[in-house]
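The residues making up each chain are set out below.
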Amino acid sequence: MARGKVRYWAAAKEAAGVAEESFEAATLGELMTKITQDRNDLARVMSRSSFLVDGSPVGRRAHDEVRLHDGATVEVLPPFAGG
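A brief look at the structure comes next. What you see is a predicted model, and the numbers here were worked out from it, not measured in a lab.

**Re the environment of Ala25**
Take Ala25: it is sitting in strand S2 (residues 20-25). Residues Ala25 and Gly4 lie 21 residues apart in sequence; the distance between their C-alpha atoms is 8.5 Å. If we ignore the near neighbours within four places in the chain, the residues touching Ala25 are Met1, Ala2, Glu30, Leu31, Lys34 and Leu68.

**Notes on the environment of Leu52**
Within the secondary structure, Leu52 sits in strand S3 (residues 50-53). For Leu52 and Thr33, which are 19 residues apart along the polypeptide, the C-alpha to C-alpha distance reads 17 Å. Discounting residues that sit within four places of it in the chain, Leu52 has contacts with Pro57, Thr73, Val74, Glu75 and Leu77.

**A closer look at unusual backbone geometry**
You will see that Asp38, though not glycine, has its phi angle at about 60°, which is positive. In this fold, Asp38 is placed in the loop between helix H2 (28-36) and helix H3 (40-46). Residues other than glycine seldom take positive phi values, yet Asp54 does so here, at roughly 50°. Structurally, the position occupied by Asp54 is in the loop between S3 and strand S4 (56-57).

Parameters at a glance
- Residues numbered from 1 in each chain as written.
- Predicted model: local features only at pLDDT ≥ 70, side-chain atom pairs only at ≥ 80, totals over all residues.
- Heavy atoms only, no water.
- Helix = DSSP H or I, 4+ residues; strand = E, 2+ residues; numbered from the N terminus.
- Contact = heavy atoms within 4.5 Å.

Structure (structure tokens):
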């Protein structure tokens, strides 16, 4: 079980109600399940978001296959408007 922090940006920050929070999870999939429990607005935003783990894009990899390590930083990036 890894411990780290999640940083929320834009709509994810608004839905989470915080800019960042600590986590304990082994994979990105497990982390998503834990942090969206009883947080429907955050779950909705995260379903459309992309993720960085320690600055590296997760891309289309299955979230259950993205292993997290102690000290990891996961950033939640919802779609941004503008151009």
